[in-house]
Structure formats: structure tokens, C-alpha cells
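Overview (structure and organization)
This is what each chain is made of:
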Amino acid sequence: MTDLHGTSKGVEVGRTCLGDGDKLFLVLGPCVIESESLAMEVATEVARLAGKTGLPMVFKSSYDKANRTSANSFRGPGIGQGLRILASVREATGLPVLSDIHAPDQAAQAGEVLDVIQIPAFLCRQTSLLIAAGETGKAVNIKKGQFMAPQDMRHAVEKVRSTGNKRILLTERGTFFGYHDLAVDMRSVVRMKDFGCPVIFDATHSAQLPGAGDGRSGGDRSLVAPLARAAVAAGADGVFMEVHPDPDRALCDGPNSLALADLEAVITNLAEIFRLVPRGEPLVQTCEESAHVPAPENALATALKRIKLIIFDVDGILTDGKIVFGGADLEIKSFQVRDGHGIKIAKRCGLEIALVTGRSSEVVARRAQDLGLDRVFQGMKDKRPALTALMEGLGLEPAEVAVLGDDIVDIPLMRRVGVAFTVPEAPTEVRGAATYVTRHRGGDGVAREIIEMILKAQGRWDKVMERYYA
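Presented here is a report on the structure given in the accompanying data block. Just so you know, these numbers come straight off a predicted model, no measurement behind them. (Residues numbered from 1 in each chain as written. Predicted model: local features only at pLDDT ≥ 70, side-chain atom pairs only at ≥ 80, totals over all residues. Heavy atoms only, no water.)

So, about the packing of aromatic side chains. Counted under the stated rule, the structure contains one aromatic pair. Plain terms: the ring middles of Phe 421 and Tyr 436 are 6.0 Å apart, the flat faces sit at 75° to each other, and that makes the pair edge-to-face. Separated by 15 residues along the polypeptide, Phe 421 in strand S22 (residues 419-422) and Tyr 436 in strand S23 (residues 436-437) bring together distant segments of the chain. No difference in accessibility class separates Phe 421 from Tyr 436, as the two residues are buried. Sitting over the ring of Phe 240, Lys 143 keeps its end group 4.4 Å from the ring centre. (Phe/Tyr/Trp six-rings, centres within 6.5 Å; stacked < 30°, edge-to-face > 60°. Helix = DSSP H or I, 4+ residues; strand = E, 2+ residues; numbered from the N terminus. Buried < 20%, exposed > 50% of the residue type's maximum accessible area, 1.4 Å probe, protein only. Lys NZ or Arg CZ within 6 Å of the ring centre and 35° of its normal.)

A separate point is a nonpolar patch on the surface. A contiguous nonpolar patch, built from Phe 122, Phe 147 and Phe 176 and spanning about 290 Å² of accessible area, is present on the exposed surface. Inspection of the secondary structure assignment puts Phe 147 in the loop between strand S7 (139-143) and helix H5 (153-161). (Patch = residues over 30% accessible without salt bridge, like charges linked within 9 Å, V, L, I, M, F, W, Y side chains within 5 Å. Areas by Shrake-Rupley, 256 points an atom, 1.4 Å probe, with all protein chains shown as cover. Salt bridge = Lys/Arg side-chain N within 4 Å of Asp/Glu carboxyl O.)

Moving on: the pattern of salt bridges. Within the structure shown, the criterion is met by 25 salt bridges. Salt-bridge contacts for Arg 448 lead to Glu 452; the nearest nitrogen and oxygen are separated by 2.9 Å. Residue Arg 448 and its partner Glu 452 are located together in helix H15 (residues 446-457), separated by four residues, close to a single helical turn. Here Arg 448 matches Glu 452 in class, with each residue buried. In the salt-bridge network here, residues are joined through shared partners; they are Glu 45, Arg 48, Lys 52 and Glu 264.

Next up on the list: the pairing of strand S16 (residues 309-312). Burial along S16 is two-sided: Leu 309 and Ile 311 and Ile 310 and Phe 312, pointing in opposite directions, are all buried. As judged from the four bridges shared by S16 and strand S19 (residues 352-356), these two strands associate in the parallel manner. Its bridge partner lying in S19, Phe 312 is registered against Leu 355. Pairing between S16 and strand S21 (residues 401-404): four bridges, direction parallel. Counted as the bridge partner of Leu 309 is Val 401 from S21. (Pairing = 2+ DSSP bridges.)

Now the structure itself:
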């Protein structure tokens, strides 16, 4: 999975992918492992709902609640017994399992069982803990501290990535709002998505009232569903909820836990909202028409700096999408000269160019020959093999590839590369999968536009201008 800024590409966990934009995913379970029988009861219901809804789900429960308000609070069975129970849950239900670690020396042992290692919110700045979790190679879920600005979580992400592990999830769980209270700023969901990691919203801990329960934390579970709905509407990829068969008797976080009997109705509602919200909103919105292509900024520029290969669709991208048929198999398409010049500039600057199109046409072969392009894939109803062949042939990673497409056949490529471009007239689903929606329409200079953007981000455009003004 690529680490694209702005549009998360998902994290592989077990047999599924979390946060790839296709489906909402859920992290569910009791706050703490109270007993093996209770853990199995909750996990069995979660597995049933996963099968019924088709949504990816992860079972969560803590083997040790090391940050309880009171020393007398129940902490759980401990790491040995807790991991054994979690392993049994996974074997019985097939669900991936998640739990948190509190010290670096727990990481290796936990990594032998867990599919996802969680970093508690209070410990999200602990360098040794983050690095130890990353070194396990398992997916790492970092909960944002109640004291942290969302943009500062990039440092936690970089610590895990320094180990070579890019399987990172981030969780928003509210921010301190005076004593004994939390407030949720949904802008955190948007801002943390800039790091290229799937973002989870912890609906139950966001409804918590820290330390407000006379030696324990209080909470208001009536806020769980409304906050979860708001987070999904804001773009959250997943929702974290602690659930219990009888929250009022739970040994940990009962006041803000969701009743297991209410779970199906809540997640069904959340899934409906998820389907209505475009995924992968462009980081930089369509620019107003101007005489010059703007230099990209911020996270998009960072992603563009890595691009070494640009893959273009043809119909609707290098042309306006119209085809004129005449007698004797005559086929006429109109290409924009500025696009052709832009492609030649890109090649001179060292960028690789490929055409991947669903149709087969002699006109396309002729245009490719005119531009000196030898990487041309025609008749590709499924374009993924072409992407694989290009990356293997050029020795590239997905983050080093950009795609410009305009229809649903291009979405599988757009979701697998570093930067995905589309045109403003593309269908809603395609625009939702794009990193950036161009100013120009297909066939009217759109290839030139993105080539200039890439070269400006890479600091090469000034040399191009020097060549022509010399």
C-alpha cells in the first residue's frame, strides 16, 4: 500500500485491507478482557455482523489497562493470559485482533499474536515504544493524545515509518476540554488524513468524561452514535467502538461503552453514511482558470516530487472523448498540440510516459509514434496488468507513479499509485478516487497541466523555461 498524502490507500490486516476507500471498517470489542467467555461472546457477535454486512471488522480488547484512574481498578488478565485469549478469539472467529502495548519490551511478544498493535493515546509520543511497535512489522494503530494537535501526529507517524513499517493507522479520540471533559474537532479527521494513513474515529472514548466518576472515568454513551456519524461524514475510514453485553456492569469504561445489542443498528447506519461521502477528496481543489499552471503546495507537492512515471488514458484525456467514424474503417480523433509538447518536455526531463487505454486504435499507435512513446498498452479492459508490467520493468514503487484517467475503468489504477489525477467532467466516483481534479478538460491541455505541476514540484520547470528563453 502506498503512503500517499491525502488519500489513504489502506493497510493490509489479516485477509482484508482496512481503509482502502471501498468500505467502512470497524474496530470493536470490550474495553478490557474480563474473561475468555465474555471476549468470545462479543467476538462471535462481531464476526456474525462482519459476515452479514460485508464490512471489515477487527476485534479489540486490552489485556492490561495500565492507565486506569485508580490503583484499585480492574486492569485485565495480563499479557500472557490475555494474548492466549486473543489468539483463541482469532482462531474461533477468523477476526483480526488488536490490543495495546505500554512498554517497548512488550512489542515482540504481542507481535507474535496481534494483527494490530495499538499505541495508547497517553503514549503516542514515546519514541522507543513507537519504534518497537514498528519493528514487529505488524500494523500499528496510533491513538492521538488528548493533548495533541492533529498536525503534530506526523512525528509519531515518522517514528514508525523510520523502521520501514508503513502499515500505520491513526485514531482520533477527542481533545481535553477543561477538567473531566473532552471535545471532538472533526477537522482532526481531515488533517490526519494528510499523512496518508487510514484514520479511525474512536466514538466511545470520545464520549468519555476522564476521571469524572469518583476514582474512575465517566461517560455519556448517548453521544457515541451521533459522534460516529459525524466522523464518518467528515471522512473517517473506520470507527472504533468499545461494546459490551451489559455496559452498566462492565469492569472498564462502561458508561461510554455501546451495548452489544445496539451495535448492528449503529454500524448499518454508519455504512449508509459512508457510501454517501466521496472518498479521497482532492487535497487541492480545482483551481480557477488562469494563464499559468500553479505550483502545487504542501502534501501534494511532496507526493509529486517522487513521481518518475506518468500513465495516461487516451480517450477523454488526450482527446475530448469523441470519435468520428468514416468509411473504410476510418477513425478520427483530435489531439491537443500543447499536450504533445508537454509530453516531449516531460521525456526530456527524465520522466517516463506510458499510454494505457481500453480501446485499440491505429490512431493511438500513430500518435504514440509521433511522440516517441514505446510504452503503449491498448485493448486493456483491466488496466492493472499494465501497471504491474510497467513498475516491474522500470523498477518503480507505486508511490513513484502518477495516473491520469477519466472513467471507472481507471479507478483500480488510481487507487494503486502515488498520485491520481482526473478531469472535472469525470464521473463522481472517479473524482472521489482522485488526489487532484485538473483545471483543464480532457483533450484541452490536461496532460500539459499535470506535467507542469510535476516538474514544478520537482524543481525542474525553471530549467525548462531557461531552455526556451535562452
